[in-house]
Amino acid sequence: MLGFAHLFASRLVKAVAILIAIVVMNFFLVHAAPGDPAMVMAGEAGAADERFVAQLREQFGLDRPLYEQLGTYVGKIAQGDLGFSYRQQRPVWDILAERLPATLVLTLTAFVLALALGVALGTLAAVTVGTWADSAITVVALLAYATPIYWIGLMLSLLFSIQLGWLPAFGYETIGAGYTGLAHAADVAAHLILPVITLALFYMASYARLTRASMLEVRGLDFIKTAKAKGLSQSRIVTRHVLRNAILPVITVAGIQAGQLVGGSILIETVFAWPGIGRLAFEAVLQRDYQVLLGIFLVTSIMVILFNILTDILYGLVDPRIQVSQ
Amino acid sequence: MMKSDFWRAFARNKGAVLGLVILTAIVVLAAFASVLFPGDPWDMATAPFQPPLSEGAPLGSDMLGRDIASGIAHGARVSLLIGLTSTAAALAIGVTLGALAGFHGGRIDDAIMRFTELFQTIPNFVLAVVLVAIFTPSLTTIVAAIAVVSWPPLARLARAEFLSLRTREFVQAAITTGQSNSSIILRQILPNSLSPIIVSASLMVATAILLESSLSFLGLGDPNAMSWGYMIGAARTVIRQAWWMSVFPGLAIVLTVLALNLVGEGLNDALNPKLARSRG
Amino acid sequence: MTTPLLDVPLLDVRGLSIALPPGADRPLAVDNLTFTLNPNEILCVVGESGSGKSMTAHAMMGLLPAPHVRVAGGSLLFKGRDVLTMPEAEQRSLRGGRIAMVFQEPMTALNPLMRVGRQIGESLREHTTLPPAARRARVVELLAQVGLPNPAELADAYPFRLSGGQRQRVMIAMALACQPDILIADEPTTALDVTTQKQILDLIRAIQAERHMGMMFITHDFGVVAEIAHRVAVMRHGKLVEYGAASDVLNRPQHPYTRQLIASVPHYIEHRDDHTKSGAPLLVAERVRKVFQVGGGLFRKSKPVVAGDDLSLTIHPGETVGLVGESGSGKSTLGRSIVGLIKPDSGRILFEGTDLLALDRKGFRPYRRLVQMVFQDPYASLNPRHRVGDIVAQGPVAFGEDRGRALARARELLAMVGLDGSAADRYPHEFSGGQRQRIGIARALAMEPKLLVADEPVSALDVSVQGQVLELLDDIRKRLNLAMLFITHDLRVAAQVCDTIAVMRRGKIVELGTAREVFTHPRDAYTRSLLDAIPGKAWHIPDDLQTAKAEAH
């Protein structure tokens, strides 16, 4: 278990280093953008307000040397001050904190669903390799791979909300219904179904393909020959020997793709008017509200780091070698 | 002799051949867009909200009476152009960094890999949105943003290839027979690491097209270039009245990306088992 | 245990044929094979790679890679019942139950994610009705029987904590779990070091004798055959060429192929005469030391691994010095330091009086030509995308030689190493392993070196090919008066080509002397244990084959 603590500590240090790097990157983005950094920070709406711009100049020491400005900027972020949105007349952090839960619910549910279903379908395809089930899974995966997720979202809502009327097309809950308790939860869940499926579909396809390929590869390894020579049944060989080994690369890729999944929530939340950070990003783009946009960049990066730590722990649970060799 | 082997292996994969056919059709469509659909795709061609198969708008028209079919044809140009150029740029960044890291190892490798890891952790679509939004949308900023968020997997791949090839005995033999570093990289290692890189690049063109369409969907496309993502984004709010406005450009994206993926898989089949066989 | 029926052999293979997929180098992997295996008997199946010896075992265990490779005819009778026509469920109950198997590669034969005790327990779970606690007790008992220390603790370990030898013991314990009637061992010691090989062979022999099992032992090494076989079956290209009692086959081989195989078995007794050293030494290594830092990261210190410590030796012109050691002994470190692939931490390497380690890149360059290397793996040492002629000519061209002249010289050299003229225009994949190794030698010779470092140049080759490549190396050394540093794990091979032997263990040279001294009067205990571990040392190759071999030289 000591190894596990080590692993965790080193991951944490890495996470902090990555965060600092992203903050620095944010800083340079503001300075590299065309135009006066103060104007960029103020955003389109705030740029006209000279008092606000002057205040920004003062706060961030924009007439000081660059390295001092960097120090000021990093210091502010470290204190949780992500700036002020002129457009919304609120601190950026407050806006983000309000939107964060909706995005976490959406991305986490989609991540778990994609992983569970992807591995299950990939296993099914590998076990039935060469049959119609395998072909069907392969074709669906190929299509899901090639389809823009926002378009899938539109098509699903066209079908299930507009044509069939089974599920709500947008939002987080039925506005004005005043549900409480279980009824409220059910209402939110109904709103969640389409966005989660849309977001999960691509990654599910990705993990299914990977699981299938990985299982077919593991099946050819020496220790499977050993298992067969022991006279084990096919099902035991698959569950105890093949699957566990085959799942490792899937977990690695899931960790690497976590960033894409979180990024994809911008599109999904836009399509389904899901009131999370992604939707906020879309609004910030429309309003050229760069402080908010950079705040989103930072917060989504933190989310990805958390997803990565999650997959690392998962990997460590499956693979005993990690605890010592790391 | 090597070439005919390649084509035979490629043609054995029926999906790959289908992909190549679709891809050729799309390239032809893009090349002859101005002949097939003369005039600016942004101009009004007919009455607004015409359903498919109407006069002057075979795939319908949008809320400003623009021809969807013409938009798709002209959009093909933008998609292919951005897909290819941003992949080329990502290749240049990724393969260079990966090759340096893999060949030199040690601290150079450490530094480059930390840098790559950073870019791999950052949610790439969010970064692309931030970049394009801050530097104002244009073909150049879109290509640059896609390249900046797409190179890490290529760098990792090139590094892994270089790392393993560097310790191969034929590369060590090249060192002991006094060949220069540049000759070892270019003549010994690179040709042997090319197959997986080519396959990844072909798949990356598909990803780049998806990324571009996503940016355009959010309104971050080049305002002067008609693109598929923009058409879908514009159609989103009127999907109840005019399904065709979002369905047809979406199908165009699916077909293109599917074709590229199929071709990529065919390349993989054709290029990689050969190496495996010659090793065994 | 069941008592075998007296008139029915334990295993009766009759006319077994195994078909290969279309496009393979021959239609049948195994062609009309007939033999029997009795209880309390070790049958050695001998052959070179591609002889079909493993296929037979795989067919018996239902491990043939279906659907490409399948049994085309014949029968496999276990106690009179045909395994091939049994229902699948019955076949499974035989596998691991009545017939068990141990594989060649212990490093990959165990599931890396499952504790070894559980992997052994799986067999018991499948074939017995023992409750979990009893299974566990049995597992610990089995681990103790195969000579593993702390069996109770070891049962809970994951395979990556075990050495190769320990893993092979675990595999044997697994095979013995259900007291099988037949144990099939497919090259079980080939991947192991020679001292470990001896321990495992002793173990296998002891267990077989104790349990009176019938054992089918597959090997390519006649030394191993001499150690353990009761009966021998020699296979070539899928056909049985000779079959009989071990003493007959070993001492009075009939078939020409068997005779050829036995003749090419290296035998350490025939070491070379002392080399007369002449002139100044060509190369002197003095106290060379190299420590690798392994692992390391943010929170961990890297572990230093001493690959070479206080390594000193001298090579004279025309002399062949053998550097012998088991895996991990650091024997490659010195060779790689001399050709400049590794930079040692301290010490001196003097080549004709110049310290190579003190030179910078530029200063070292002229010495690159003079010291050349022949690599181990004939499949990895040639760039698959270059023509053979180019591969040989690239070195001289890098040193400014005219390309046309270098290519012409390459053709001469290819002829010299025994390849025909068209070789230069072909690609490496068109050649066999032995031929590729010849190309590697030609590449080294193209540089006109004075010293050749050969790192395990024959260990990836079949015995009969090994002999030819060793002869070529020796012949070239004589003709060009080359000095050679010959790195090998195999004392028998070293005996054939080396004048001087240095034995390495854990990064140090423990013994250094003439081949005669080292083989006849070893001073170091480790050298003695190495010599003692050589399989089949008590067996004397028939005299007529010895002379046949001497004539071939």
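A quick note: this is a predicted structure, and the numbers were derived from the prediction, not measured. (Residues numbered from 1 in each chain as written. Chains lettered and ligands numbered in written order. Predicted model: local features only at pLDDT ≥ 70, side-chain atom pairs only at ≥ 80, totals over all residues. Heavy atoms only, no water.)

## Let's talk about the overall build of chain B
- Broken down by element type, chain B carries eleven helices and zero strands.
- The buried share of chain B, taken over its 280 residues, is 57%.
- Counting contacts in chain B only where the partners sit at least 6 residues apart, residues at least 24 apart contribute 71% of the total.
- In the form shown here, chain B has an accessible surface area of approximately 11300 Å², with 67% of it arising from carbon and sulfur atoms.
- Each charge class in chain B was averaged separately, 18 positive and 15 negative side chains, and the resulting centres sit 12 Å apart. (Helix = DSSP H or I, 4+ residues; strand = E, 2+ residues; numbered from the N terminus. Buried < 20%, exposed > 50% of the residue type's maximum accessible area, 1.4 Å probe, protein only. Contact = heavy atoms within 4.5 Å. Areas by Shrake-Rupley, 256 points an atom, 1.4 Å probe, with all protein chains shown as cover. Lys, Arg positive; Asp, Glu negative; His and termini not counted. Charge placed at Lys NZ, Arg CZ, Asp CG, Glu CD.)

## Points about the overall build of chain A
- Across its full length, chain A carries 13 helices and two strands.
- Each of the three principal axes of chain A carries a C-alpha extent, and together these read 80 × 55 × 40 Å.
- When burial is assessed residue by residue, chain A has 52% of its 326 residues classed as buried.
- A separation threshold of at least 6 residues defines the contact pool for chain A, and within that pool the share at least 24 residues apart is 72%.
- With an accessible surface of roughly 13900 Å², chain A has 66% of that area assigned to carbon and sulfur atoms.
- One finds the centroid of the 21 positive side-chain charges in chain A at a distance of 16 Å from the centroid of its 20 negative side-chain charges.

## What to know about the domain arrangement of chain A
All names here are of chain A.
- Entries for chain A in the domain assignment read domain 1 (2–92) and domain 2 (93–325).
- When each unit is reduced to the centre of its C-alpha atoms, the spacing between domain 1 and domain 2 is 31 Å.
- The interface is formed by 31 residues belonging to domain 1 together with 26 residues belonging to domain 2.
- Surface buried jointly by domain 1 and domain 2 totals about 2700 Å² across both partners, of which 66% is contributed by carbon and sulfur atoms.
- For the pair domain 1 and domain 2, the interface holds one salt bridge.
- The closest approach of N and O atoms between arginine 90 and glutamate 98, which form a salt bridge, is 3.0 Å.
- Across the domain 1-domain 2 interface, the total number found is nine residue pairs in polar contact (both at pLDDT 80 or more). (Domains from an automatic or database assignment. Buried area = accessible area lost by both parts, 1.4 Å probe. Salt bridge = Lys/Arg side-chain N within 4 Å of Asp/Glu carboxyl O. Polar contact = N/O pair within 3.5 Å; in protein donor to acceptor, adjacent residues only side chain to side chain.)

## Focus on the interface of chain A and chain C
- Facing the 27 residues of chain A at the interface are 32 residues of chain C.
- A combined buried area of about 2600 Å² lies between chain A and chain C, and 60% of that area is made up of carbon and sulfur atoms.
- Across the pair Glu122(C) and Arg236(A) runs a salt bridge whose closest N-O atoms are separated by 3.0 Å.
- In this structure, the connection of chain A to chain C is made through 14 residue pairs in polar contact (both at pLDDT 80 or more).
- Breaking the side of chain A that touches chain C down by element, the ones donating at least two residues are helix 1 (2–32), helix 9 (222–229), helix 10 (234–272) and helix 13 (322–325) of chain A.

## Digging into a positive patch on the surface
- On the surface, Arg240(A), Arg244(A), Arg115(C), Arg118(C) and Arg125(C) cluster together into a patch of positive charge.
- Listed by contribution, the elements that provide at least two residues to the positive patch are helix 10 of chain A together with helix 3 (116–127) of chain C.
- Within the secondary structure, Arg118(C) sits in helix 3.
- Under the relative-accessibility criterion, Arg118(C) is labelled partly exposed at 45%. (Patch = residues over 30% accessible without salt bridge, like charges linked within 9 Å, V, L, I, M, F, W, Y side chains within 5 Å.)

## Considerations on unusual backbone geometry
Residues and elements named next belong to chain C.
- In this model, asparagine 150 sits at a positive phi of 45°, which is unusual for a non-glycine residue.
- We note that histidine 212 has phi near 55°; this positive angle belongs to a residue other than glycine.
- Assignment of secondary structure puts histidine 212 in the loop between helix 7 (194–211) and strand 8 (214–219).

## Focus: the sheet that holds strand 4 (residues 70–78) of chain C
All names here are of chain C.
- Strand order in the open sheet formed by four strands is 2-1-4-5, with antiparallel pairing between adjacent strands. One side of each edge strand has no neighbouring strand; the edge strands of this open sheet are strand 2 (28–37) and strand 5 (81–82).
- Here strand 1 (residues 11–19) pairs with strand 2 via six bridges, running antiparallel. Note that in strand 2 the partner of leucine 16 across the bridge is leucine 33. (Pairing = 2+ DSSP bridges.)

## Overview of the pattern of salt bridges
- With the rule as written, the count across this model stands at 44 salt bridges over all chains.
- A salt bridge links Glu283(A) to Arg279(A), with the shortest nitrogen-to-oxygen separation between them at 3.4 Å. Taken together, the residues span about one helical turn, with Glu283(A) and Arg279(A) both in helix 11 (residues 277–287) at a distance of four residues.
- Measuring nitrogen to oxygen at the nearest pair gives 3.1 Å for the salt bridge that ties Glu126(C) to Arg92(C). A residue pair is termed long-range when its members are at least 10 positions apart, and Glu126(C) in helix 3 and Arg92(C) in helix 2 (residues 88–94) qualify at 34 residues.
- Several salt bridges share partner residues, and in doing so they unite Lys198(C), Asp202(C), Arg205(C) and Glu227(C) into one network.

## A few points about the pairing of strand 11 (residues 283–294) of chain C
- With nine bridges connecting them, strand 11 of chain C and strand 12 (residues 303–315) of chain C associate as antiparallel partners. In the strand pairing of strand 12 of chain C, Gln293(C) is matched with Pro304(C).

## What to know about the interface of chain A and chain B
- Across the boundary between the two partners, chain A contributes 43 residues, which contact 40 residues of chain B.
- Interface area, chain A with chain B, both sides summed: about 4000 Å², of which 79% is carbon and sulfur.
- Inspection of the chain A/chain B interface yields two salt bridges.
- Residues Glu117(B) and Lys14(A) are paired through a salt bridge, measuring 3.0 Å at the closest nitrogen-oxygen approach.
- The interface formed by chain A and chain B contains six residue pairs in polar contact (both at pLDDT 80 or more).

## Side note on the packing of aromatic side chains
- By the definition in use, this model includes 17 aromatic pairs over all chains.
- When the ring of Phe115(B) is compared with that of Trp151(B), the centres are 5.8 Å apart and the planes differ by 20°; the resulting orientation is stacked. With Phe115(B) in helix 5 (residues 106–121) and Trp151(B) in helix 7 (residues 139–166), this pair connects stretches of sequence that are 36 residues apart.
- Look at Trp243(B) and Trp244(B): their rings are 5.8 Å apart centre to centre, the planes differ by 80°, and that puts the pair in the edge-to-face class.
- By relative accessible area, Trp243(B) is classed as partly exposed at 39%.
- Each residue in the set Phe27(A), Phe28(A) and Tyr73(A) is aromatic and connected to the rest through ring pairs, giving one cluster.
- The cationic tip of Arg209(A) hangs over the ring face of Tyr145(A); the distance from NZ or CZ to the ring centre is 4.5 Å.
- Directly above the aromatic system of Phe399(C) lies the positively charged group of Arg365(C), at a separation of 4.3 Å from the ring centroid. (Phe/Tyr/Trp six-rings, centres within 6.5 Å; stacked < 30°, edge-to-face > 60°. Lys NZ or Arg CZ within 6 Å of the ring centre and 35° of its normal.)

## A few points about helix 6 (residues 164–176) of chain C
Residues and elements named next belong to chain C.
- Between its terminal C-alpha atoms helix 6 stretches 18 Å, which fits the 18 Å expected from 13 residues at 1.5 Å a residue.
- The element helix 6 is largely enclosed, with a buried count of twelve among its 13 residues.
- Of all the residues in helix 6, the buried ones are Gly164, Gly165, Arg167, Gln168, Arg169, Val170, Met171, Ile172, Ala173, Met174, Ala175 and Leu176. (Expected span 1.5 Å × (residues − 1).)

## So, the nonpolar core
- If you look at the biggest cluster of nonpolar residues, it comprises 155 residues, and the most contacted ones within it are Leu293(A), Val129(B) and Leu215(B).
- No other element matches helix 11 (residues 244–279) of chain B, which puts 16 residues into this core.
- Each of two domains, domain 1 (2–92) and domain 2 (93–325) of chain A, supplies a minimum of three residues to this core.
- With near-sequence residues (within four places) excluded, Leu215(B) lies in contact with Phe125(B), Ala128(B), Val129(B), Val132(B), Ile142(B), Ile146(B), Leu220(B) and Gly221(B).
- Among the nonpolar cores identified, the runner-up in size contains 92 residues, and Ala229(A), Ile228(C), Ala233(C) and Ala263(C) belong to it. (Core = buried A, V, L, I, M, F, W, Y, C linked by side-chain atoms within 4.5 Å.)

## Quick look at the side chain of Lys290(C)
All names here are of chain C.
- Along the chain, lysine 290 falls in strand 11.
- For lysine 290, a relative accessible area of 12% puts it in the buried group.
- Looking at lysine 290, its side chain comes within polar contact range of the main-chain oxygen of lysine 343, at 3.0 Å.
- Filtering out sequence-adjacent residues up to four positions away, lysine 290 remains in contact with Val305, Val306, Ala307, Gly308, Thr333, Ile342, Lys343, Pro344 and Asp345.

## Re the sheet that holds strand 10 (residues 239–245) of chain C
All names here are of chain C.
- Taken in spatial order, the six strands make up an open sheet running 6-7-8-3-9-10, and their pairing is mixed. Here the strands that pair on one side only, and so sit at the sheet edges, are strand 6 (99–102) and strand 10. On average, each strand axis in the sheet is tilted by 15° relative to the strand beside it, whichever way the strands run.
- Looking at chain direction, strand 9 (residues 231–236) and strand 10 are connected through six bridges and run antiparallel. Paired with arginine 231 across the bridge in strand 10 is alanine 245.
- Helix 7 rests against strand 3 (41–46) and strand 8 of the sheet, and its axis sits at about 160° to strand 8. (Axes fitted to C-alpha atoms, helices over the stretch in contact; angles between N-to-C directions.)

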